[in-house]
Amino acid sequence: MPVFQIKEDISVVLCGEAGQGIQTVETILAQAVKQSGYNIFSTKEYMSRVRGGQNSTEIRVSSHRVASYVDRIDLLLALSSGAINHLRNRISSDTLIMGDTEHINSVKNDKTGGNIPDSNFIEIPLMETAQEIGGPIFANVITAGALSCLLNIPKEIFDGLISDMFTRKGSEILEKDLKAGEAGYKIGIRLMESEGNQIQLSLQGQSSVRDELLINGTDAVGLGCLAGECRFISSYPMTPSTPLQNFLASNAHEFELIYEQAEDEIAAINMALGASYAGARSIVATSGSGFALMEEGVGLAGMIETPIVIYIGQRPGPAVGLPTRTSQEDLNLALYSGPGEFPRIIFSPGNLDDAFTLTHKAFDLAEKYQIPVFILSDQYFADCYYNIPSLPLEDVENENYLVKTTPEYKRYLITHDGITPRGIPGYGDGLVIVDSDEHDEEGHITEDLEIRTHMVNKRLIKMEQIRKEAVAPELGGSEDYQSLVIGWGSTYWPIREGVESFNKKYPDQKLGFLHFKQVYPLHQSVAEYLEKAEDVIILENNAQGQLANIIKLETGFEIQEKLLKYNGMPFSVEEVEERIIKFMGIANEGTGGYDETMDAGEVLK
């Protein structure tokens with residue numbers, strides 16, 4: 001019988017059907033773990049349905065900081081009969097599987113797809129206990145209680161969280177949920193005291209962690225919007241951008257922000273441009289297929305030189321694709337959206353600090369250069385939680401770029417740098433005219449071909465200064481690297497942890513990691529980083545290497561080695577390390593968690 005004994009880093013996975021309350025368990029555990037002084041990382045994968053299917057949540061609990069998805073499962077809570085088969089390729093001989101008798105037996109009796117030793121299973125009476133308390137609805141709280149007990153979370157912390165979460169539902173419901181939590185703790189105690197002593201945990205908590213922030217990528221972007229003095233958002237709900245819409249809507253009153261749910265994406269971007277024309281810092285939030293409807297509005301922003309921030313929560317396409325999975329497939333869509341030629345900026349945050357600072361910066365640069373600025377997120381980044389000490393609030397400064405107009409004001413006055421002082425209606429004595437057709441300096445429609453040439457040059461010349469303000473990529477790993485791994489956006493933490501693990505095992509290899517937080521235009525230092533490396537590999541969650549193509553376009557450097565994953569799942573730490581080992585030509589020693597066979601939707605070019 002295996003002994004579950006992890007001292008530094010525990011990967012707990014819950015899996016069950018939609019509607020079983022897995023998200024409730026995640027919410028309770030995440031807060032309980034942090035309040036107990038442990039570091040936490042949490043991410044989820046779920047099907048696009050309200051009931052049924054198989055959804056899972058991974059929670060890493062650690063004595064040190066963690067922020068990456070791993071394939072490894074140390075403890076699996078199976079809440080449905082299909083849970084174990086759903087995660088079978090991640091289950092190892094060291095995985096301890098807990099679940100109801102019926103769910104365990106269904107797997108034991110199923111001999112297809114490989115066998116799991118009977119000694120890996122522990123039967124716990126979740127549904128039976130839930131029925132005794134009041135029904136299956138309480139199984140999620142019982143599960144949370146059992147896990148909290150196993151993770152050495154004090155009962156008073158757990159009870160406090162249950163009270164905070166369920167008090168609003170009335171005293172009767174709260175009493176039953178507290179009873180369910182207590183029943184879960186009793187199950188946990190019985191497991192730890194059972195014969196064989198299977199479960200032995202030893203985590204070192206830190207009191208400082210209790211006061212840290214526990215937020216996800218959506219929260220960090222939302223806080224960046226507030227820091228950037230966003231005053232208007234209009235959007236149509238679409239996963240995975242809807243949580244950002246909810247965040248801003250819930251904070252609208254306190255921060256004098258207007259949220260408008262538009263009838264469609266076309267209306268949404270035009271509303272936001274109207275608000276921006278009137279002087280309000282504005283954003284739209286959508287995903288790829290929703291943004292496709294906004295593209296004409298992007299062209300309008302380019303023509304009328306009106307600032308707008310566009311948040312795209314990426315998911316697999318084409319069309320609706322996989323609505324609840326993750327990808328990095330919309331970089332080309334953002335880069336080439338809108339007819340004609342005009343400047344834009346594209347950010348791709350990979351950690352919570354960057355999500356906050358880049359979002360704040362997006363509003364500032366949109367205002368300064370009067371252009372659309374994109375923030376590319378994705379389902380994985382939007383949904384993953386981990387604790388951080390704080391956000392860099394000391395860097396928050398907002399500059400007012402609006403001017404009070406005079407009677408002689410010309411909205412599109414040609415200047416040496418292409419930037420016309422921006423006026424808005426009603427602020428001063430000037431007339432502020434905008435039009436989607438080509439226009440003269442005052443804003444009136446024109447078909448004068450010479451003026452047309454001047455206006456195109458006026459818009460494009462801004463790129464010279466925009467490039468000078470580009471955010472440099474972040475170098476990690478070995479500073480005197482021989483080989484270089486490249487990633488962008490949400491691949492940041494899995495690649496960083498994978499590279500760090502590789503460098504510890506193979507210190508003579510000198511592997512560097514270059515992360516792009518701005519993917520267009522590129523910082524001038526990029527070419528130098530690439531030329532220094534003997535070998536370069538890039539990891540992207542798309543099928544064509546979209547950033548690799550931009551790098552070639554911008555620098556002339558062609559990256560030969562590409563690890564492209566596009567099955568809807570993020571890169572795991574083990575996967576990154578295994579691929580680096582293969583790329584570096586090192587004999588495979590195994591990292592204990594990732595099958596060397598390439599998954600469907602993964603290509604090494």
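This one's a predicted model, so the numbers in the text were calculated from it and none came from an experiment. (Residues numbered from 1 in each chain as written. Predicted model: local features only at pLDDT ≥ 70, side-chain atom pairs only at ≥ 80, totals over all residues. Heavy atoms only, no water.)

Asks: Where do I start with the overall build of the protein chain in this structure?
Replies: If you tally the helices and strands in the protein chain, you get 21 helices and 23 strands. With the C-alpha coordinates aligned to their principal axes, the bounding extent of the protein chain is approximately 85 × 60 × 45 Å. Burial analysis of the protein chain (605 residues in total) assigns 58% to the buried set. Long-range pairs, those at least 24 residues apart, make up 75% of the contacts in the protein chain between residues at least 6 apart in sequence. In the protein chain, the 49 positive side-chain charges and the 88 negative ones have mean positions that sit 2 Å from each other. (Helix = DSSP H or I, 4+ residues; strand = E, 2+ residues; numbered from the N terminus. Buried < 20%, exposed > 50% of the residue type's maximum accessible area, 1.4 Å probe, protein only. Contact = heavy atoms within 4.5 Å. Lys, Arg positive; Asp, Glu negative; His and termini not counted. Charge placed at Lys NZ, Arg CZ, Asp CG, Glu CD.)

Asks: Honestly, the sheet that holds strand β15 (residues 372-378) in this entry has me stumped. Any pointers?
Replies: Each strand in a sheet pairs with its neighbour through backbone hydrogen bonds, running either in the same direction (parallel) or in the opposite one (antiparallel). As summarised here, the arrangement of the 7 strands in space is β11-β10-β12-β13-β15-β14-β20, forming an open sheet in which the pairing is mixed. Each edge of the open sheet carries a strand with a single partner, namely β11 (258-261) and β20 (518-520). On average, adjacent strands in this sheet sit at an angle of 20 degrees to one another, irrespective of strand direction. Sheet topology places strand β14 (residues 345-347) next to β20; 2 bridges connect them, and they run antiparallel. Paired with Phe 347 across the strands is Gln 518, a residue of β20. (Pairing = 2+ DSSP bridges. Axes fitted to C-alpha atoms, helices over the stretch in contact; angles between N-to-C directions.)

Asks: Would you mind showing me how to read unusual backbone geometry here?
Replies: As a rule of thumb, non-glycine residues mostly have phi less than zero, and peptide bonds are mostly trans rather than cis. The step from Thr 239 to Pro 240 runs through a cis peptide bond, and the omega angle for that step is 0 degrees. Relative to the helices and strands, Pro 240 is located in the loop between β10 (232-235) and α9 (242-250). Geometrically, the link from Tyr 520 to Pro 521 is a cis peptide bond, its omega value of -15 degrees lying close to zero. Within the secondary structure, Pro 521 is located in the loop between β20 and α19 (526-532). One non-glycine residue, Glu 229, lies in the positive phi region at around 60 degrees. The exposure class of Glu 229 is partly exposed, given its relative accessible area of 37%.

Asks: For this particular structure, what's the right way to read the domain arrangement of the protein chain?
Replies: Interface extent is often summarised as the accessible area lost during association of the parts. Along its sequence, the protein chain is carved into domain 1 (2-210), domain 2 (212-390), domain 3 (401-459) and domain 4 (472-590). Taking only C-alpha atoms, the centre of domain 3 and the centre of domain 4 are 43 Å apart. (Domains from an automatic or database assignment.)

Asks: Mind showing me how you'd approach helix α4 (residues 126-133) here?
Replies: Note that an α-helix has 3.6 residues per turn; residues three or four places apart therefore point the same way. Residues of α4 that are buried include every one of Leu 126, Thr 129, Ala 130 and Ile 133, and no others. Down the axis of α4, the smallest arc covering the buried residues is 100 degrees, so these residues share one side. Turned more than 90 degrees from where α4 packs its buried face, Glu 128 and Glu 132 sit exposed. In the core, the buried residues of α4 are packed alongside α5 (139-150) and α7 (171-193). (Arc of directions from axis to C-beta.)

Asks: What should I look at first to understand the packing of aromatic side chains in this one?
Replies: Here a ring pair, both rings aromatic, is described through the centre-centre distance and the interplanar angle of the planes. Tallied over the full model, the rule gives 6 aromatic pairs. A ring pair is formed by Tyr 492 and Phe 513, whose centres lie 6.1 Å apart and whose planes are at 45 degrees; its orientation type is tilted. With Tyr 492 in helix α18 (residues 492-505) and Phe 513 in strand β19 (residues 511-516), this pair connects stretches of sequence that are 21 residues apart. Residue Tyr 492 shares its accessibility class with Phe 513, and that shared class is buried. A centroid spacing of 4.9 Å and a plane angle of 40 degrees characterise the contact between Phe 502 and Tyr 506, whose relative ring orientation is tilted. The pair Phe 502 / Tyr 506 is uniform in exposure class, with both members buried. Through pairs of rings, three or more aromatic residues link up here, namely Tyr 386, Tyr 492, Trp 493 and Phe 513. Note that Lys 155 overlies the ring of Tyr 185, its terminal NZ or CZ placed 5.7 Å from the centroid. Its end group placed over the ring of Tyr 481, Lys 532 keeps NZ or CZ at 4.4 Å from the ring centre. (Phe/Tyr/Trp six-rings, centres within 6.5 Å; stacked < 30°, edge-to-face > 60°. Lys NZ or Arg CZ within 6 Å of the ring centre and 35° of its normal.)

Asks: Sorry if this is basic, but what is going on with the packing of helix α8 (residues 217-227) against helix α14 (residues 352-369) here?
Replies: A packed helix pair is summarised by two numbers, namely the angle formed by the two axes and the spacing between the axes. With their axes 7 Å apart at the nearest point, α8 and α14 run at an angle of 30 degrees to one another. By crossing handedness, the relation of α8 to α14 is classed as right-handed. Judged by residue contacts, Gly 217, Ala 220, Val 221, Leu 223, Gly 224, Cys 225 and Ala 227 of α8 engage Leu 352, Ala 355, Phe 356, Thr 359, His 360 and Phe 363 from α14. Class assignment of the residues belonging to the contact of α8 with α14 gives a composition of 9 nonpolar, 4 polar and no charged. (Left-handed = near helix turned anticlockwise from the far one by under 90°. Nonpolar A, V, L, I, M, F, W, Y, C, P; charged D, E, K, R; others polar.)

Asks: Got a minute to help me understand the nonpolar core in this structure?
Replies: Buried together is how nonpolar side chains tend to be arranged in soluble globular proteins. Formed by 90 residues in total, the largest nonpolar core has its most connected members in Ile 283, Ile 486, Phe 516 and Leu 547. Not counting residues up to four positions away in its chain, the partners in contact with Phe 516 are Ser 348, Pro 473, Ile 486, Gly 487, Trp 488, Gly 489, Leu 522, Val 526, Leu 547 and Ile 551. (Core = buried A, V, L, I, M, F, W, Y, C linked by side-chain atoms within 4.5 Å.)

Asks: What should I look at first to understand the pairing of β10 in this one?
Replies: Remember that side chains alternate between the two faces of the sheet whenever the strand is regular. Side chains Phe 232 and Ser 234 of β10 all project onto a buried face; the interleaved residues Ile 233 and Ser 235 project onto the opposite face, where all are buried too. Alignment of β10 against β11, held across 4 bridges, turns out to be parallel. From the neighbouring strand, Ser 235 faces β11, where its bridge partner is Gln 261. Note that the unit made of β10, α9 and β11 has a crossover that is right-handed. Alignment of β10 against strand β12 (residues 282-286), held across 2 bridges, turns out to be parallel. (Right-handed = clockwise from strand over helix to strand, strands pointing away.)

Asks: I keep staring at the packing of α18 against helix α21 (residues 573-583) and nothing clicks. Help me out?
Replies: Axis separation between α18 and α21 bottoms out at 8 Å; the angle between their running directions is 50 degrees. Judged by the inter-axis angle, α18 sits oblique to α21. Of the two elements, α18 crosses α21, and the hand of that crossing is right-handed. Taking contact as the criterion, the partners of Pro 494, Ile 495, Glu 497, Gly 498, Val 499, Ser 501, Phe 502 and Lys 505 in α18 are, on α21, Val 573, Val 576, Glu 577, Ile 580 and Ile 581. Its residues assigned to classes, the contact of α18 with α21 comprises 8 nonpolar, 2 polar and 3 charged. (Parallel < 35°, antiparallel > 145°, perpendicular 65-115°, else oblique.)

Asks: How should the side chain of Glu 26 be read in this particular structure?
Replies: Assignment of secondary structure puts Glu 26 in helix α1 (residues 22-35). Non-local contacts of Glu 26, meaning those with residues more than four positions away in its chain, are made with Ser 42, Thr 43, Lys 44, Thr 57, Ile 59 and Tyr 385.

Asks: For this particular structure, what's the right way to read the sheet that holds strand β7 (residues 121-123)?
Replies: Judged by pairing direction, the sheet is mixed, and its 8 strands sit side by side in the order β7-β6-β5-β2-β4-β3-β16-β9 without closing on themselves. What marks the edges here is a single partner per strand, and that holds for β7 and β9 (213-216). Adjacent strand axes in the sheet meet at a mean angle of 20 degrees when their direction is disregarded. Pairing of β9 with strand β16 (residues 385-388) involves 4 bridges; the strand directions are antiparallel. Residue pairing across strands places Ile 215 opposite Tyr 386, the latter belonging to β16. Strand contacts of α1: β2 (9-18), β3 (39-45), β4 (52-62), β9 and β16, with the helix running at about 170 degrees to β3, the strand carrying the most contacts. With respect to the sheet, α8 is in contact with β9 and β16, its orientation differing from that of β9 by roughly 95 degrees.

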